[in-house]
Amino acid sequence: MTCRVNTAKLRTSAVRALSFAAVAALTLNPALTPVLAADYRPAAQAAPLAADGQMNARFLSLGVGKSIVIDLPRDIKDVLVADPKIANAVVRSAQRAYIIGAAVGQTNIVFFDSAGQQIAAYDIAVKRDLNGLRAALKQVLPNSDIQVDGLGDGVVLSGTAANPMEAQQAFDLAVRLTSANGNGSDKVVNSIVVRGRDQVMLKVTVAEVARSIVKQLGIDLTANLNYGTSVVSFTNANPFTALGKNLVDGNNLTTKFGATPSVQATLRAMETAGVIRTLAEPNLTAISGESATFLAGGEFPVPAGYSCDPATHVCTTQISFKKFGISLNFTPVVLTEGKISLRVMTEVSELSNENAITLSQAVTSTSVNSLTVPSIKTRRAETSLEIPSGGAMAMAGLIQQQTKQAVSGLPGLMQLPILGTLFRSRDFVNNATELVVIVTPYVVRAVAQKDLSRPDDGFAAPADPQAGLLGNINRIYGVPGRTEPARNYRGTYGFITD
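Keep in mind it's a predicted model, so treat the numbers as computed, not measured.

**A few points about the pattern of salt bridges**
Pairs can form between side chains of opposite charge whenever their charged atoms are close. In total, this model carries 8 salt bridges according to the counting rule given. Among the salt bridges present, the one from Asp-71 reaches Arg-96, with a minimum N-O distance of 2.8 Å. Note that Asp-71 is positioned in strand β2 (residues 67-71) and Arg-96 in strand β5 (residues 96-101), a separation of 25 residues in sequence. Arg-268 is paired through a salt bridge with Asp-220; the nearest N and O atoms lie 3.2 Å apart. Placement of the pair is Arg-268 in strand β15 (residues 262-280) and Asp-220 in strand β12 (residues 199-227), with a sequence separation of 48 residues. Of the two residues examined, Arg-268 and Asp-220, each falls in the buried class.

This is the structure:
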């Protein structure tokens, strides 16, 4: 009798062992179980009973069209599915069921035994199948750590990306793969954090050389002719109109012939040549994707209107200010390693007396107030370009040549071959300008303050004997003829560029 009992116990133990091995094999062996998405939890065993005797519901996440195997500790008699359109349960054996996701949504499934007791309860959340999107992101952006999670009918992107360009690519790919028509940006939430945002230093060089040549030559004739009691006066004054103003006033040679009658000739001649060189090199640093603005110059007042007091009849001029100088505005975006997209606007402006206007206002019947408003000569360039770090590009190259020539004189006489020179004036103006704007961006990172130098390093005010006796405006360091000992620099120093 004892041997039979032991044999039965051994047989029962062996069956339980085989059943446990089979369950473990089905659960752990990928070849025997359905393929589970990376964000799905593995099949959970039944939870212990709560204090009130009811089974606590377990959360289970599924993809649309995906399934999961549920093994229960007791035989299944009845199954309750709250919404079969969201998920369904298929019982294949007494203690095994398959839960299949049908549509995006939430529902719950409860299993009961033959006694009506609850065996297990599951809260089912059916989401999009995001494995394809994960694989695509891993293939397109292998250096980024981007997580994909489903939220109802939408998608949440989180994690980190190397630069803003990769974050935007991940967002565009998620929009494309989660929407059938490619217009599902409202269903994708982009929470990707860009790690180590790059900083871009932009070096702009504005170089301009302007040459001008002005030549003016004219003869003014004045004559007084007497015929008995009649006097005939002749005056021929020829203006210079090419520049709009006369440059030779005061540079005259006057000759008078005869006493009565008399002829007076005035020779006016002027030749000028000038050159202007402009060099500006503004440097500015900004974070990738942010804008930066730089201005070195000033503001000058410009009349903006008049306001009068009706009681006192006193009018005052309203003043506004206009900026001028060297300005730089740019927005960099680091696309890939060492590749930069730039939106650049640079401007070099200066005050000029050309095209200036004079405003006059009568104060009293005998006095007039006048105000001269200068004009602004501006060279501006604005464009978008794509350039590698450390590369230079001529953003604007302008060669301009302007020639003006005007001849004024007395009609008829000025056309005479030789004597016509006495009755005309010639004005010649030639302006040539060459402008080049060179843009050079660098991907940079900060350095220690001790590795940088300032323009005032080494400057010190002179002592009274040095200023009074030697006329020095700053102290002189070092001894003539003595050289500094050689220094060996190790590692990187100065501006560090990638």
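**What about the packing of aromatic side chains?**
Summed over the entire model, instances satisfying the criterion amount to 2 aromatic pairs. Pairing Phe-111 with Tyr-122 gives two aromatic rings, centres 6.3 Å apart and planes at 80°, and the pair type is edge-to-face. Highlighted residues: Phe-111 in strand β6 (residues 105-112) and Tyr-122 in strand β7 (residues 118-127), separated in sequence by 11 residues. Judged by its relative accessible area of 2%, Tyr-122 falls in the buried class.

**Points about the layout of surface pockets**
Taken as a whole, the largest pocket spans an internal volume of roughly 930 Å³. Lining the largest pocket are 30 residues, with Ser-212, Glu-354, Lys-377, Gln-402 and Asn-431 positioned closest to its centre. Going through the elements one at a time, β12, β15, β19 (339-362), β20 (368-388), β21 (393-409) and β22 (424-445) are the ones with two or more residues in the lining of the largest pocket. By residue class, the composition of the lining of the largest pocket is 11 nonpolar, 11 polar and 8 charged.

**Some remarks on the sheet that holds strand β4 (residues 87-93)**
The strand order across the open sheet built from 3 strands is β2-β5-β4, with neighbouring strands paired in antiparallel fashion. Of all the strands in the sheet, just β2 and β4 have a single pairing partner and so form its edges. Between one strand and the next, the sheet's axes are offset by a mean angle of 25°, whatever the strand orientation. Here β2 runs beside β5; their pairing, made up of 5 bridges, is antiparallel. Across the sheet, Val-69 pairs through a bridge with Tyr-98, a residue of β5.

**Concerning the sheet that holds β7**
The strand order β1-β7-β6-β3 describes an open sheet built from 4 strands, whose pairing is mixed. Two strands in the sheet have a free side with no partner beyond their single neighbour: β1 (58-63) and β3 (78-81). Recorded for the sheet is a direction-independent mean angle of 25° between the axes of neighbouring strands. When β1 meets β7, the two strands line up parallel, connected through 6 bridges. Considered in β7, the bridge of Leu-60 is made with Ile-124.

Definitions and limits used
- The residue numbering used here restarts from 1 in each chain and proceeds along that chain's sequence as written.
- With pLDDT at 70 or above as the cut-off, local features in this predicted model cover only qualifying residues; side-chain atom pairs require 80 or more to be listed or tallied, and sums for whole chains, interfaces and linings still use all residues.
- Think of the side-chain values as coming from all heavy atoms in the structure, minus any hydrogens and water.
- For this analysis, a salt bridge means a side-chain nitrogen from Lys or Arg found within 4 Å of a carboxyl oxygen belonging to Asp or Glu.
- Strands here are runs of E lasting at least two residues and helices are runs of H or I lasting at least four, both read from the DSSP assignment and numbered beginning at the N terminus.
- Only protein chains enter the calculation, and the probe is 1.4 Å; a residue is then buried if its accessible area is under 20% of its type maximum, exposed if over 50%, and partly exposed in between.
- Pairing of aromatic rings covers Phe, Tyr and Trp, the last counted by its six-membered ring, and requires centre-to-centre distances within 6.5 Å; plane angles under 30 degrees mean stacked, over 60 mean edge-to-face, and any other angle means tilted.
- Cavity and pocket criteria rest on a 1 Å grid covering protein atoms alone: a 1.4 Å probe that fits but cannot get out defines a cavity, protein on both sides within 12 Å along at least 5 of 7 lines defines an open pocket, and an atom within 4 Å of a point defines a lining residue.
- Grid points are joined across faces, edges and corners, and a volume is the space filled by probe spheres set on the points.
- All amino acids are sorted into three groups, where Ala, Val, Leu, Ile, Met, Phe, Trp, Tyr, Cys and Pro are nonpolar, Asp, Glu, Lys and Arg are charged, and the leftover types, Gly among them, are polar.
- Any two strands with at least two DSSP-identified bridges between them are counted as paired.
- Lines are fitted to the C-alpha atoms to define the axes, a helix being fitted only along its stretch in contact, and any angle between axes, read from their N-to-C directions, falls within 0 to 180 degrees.

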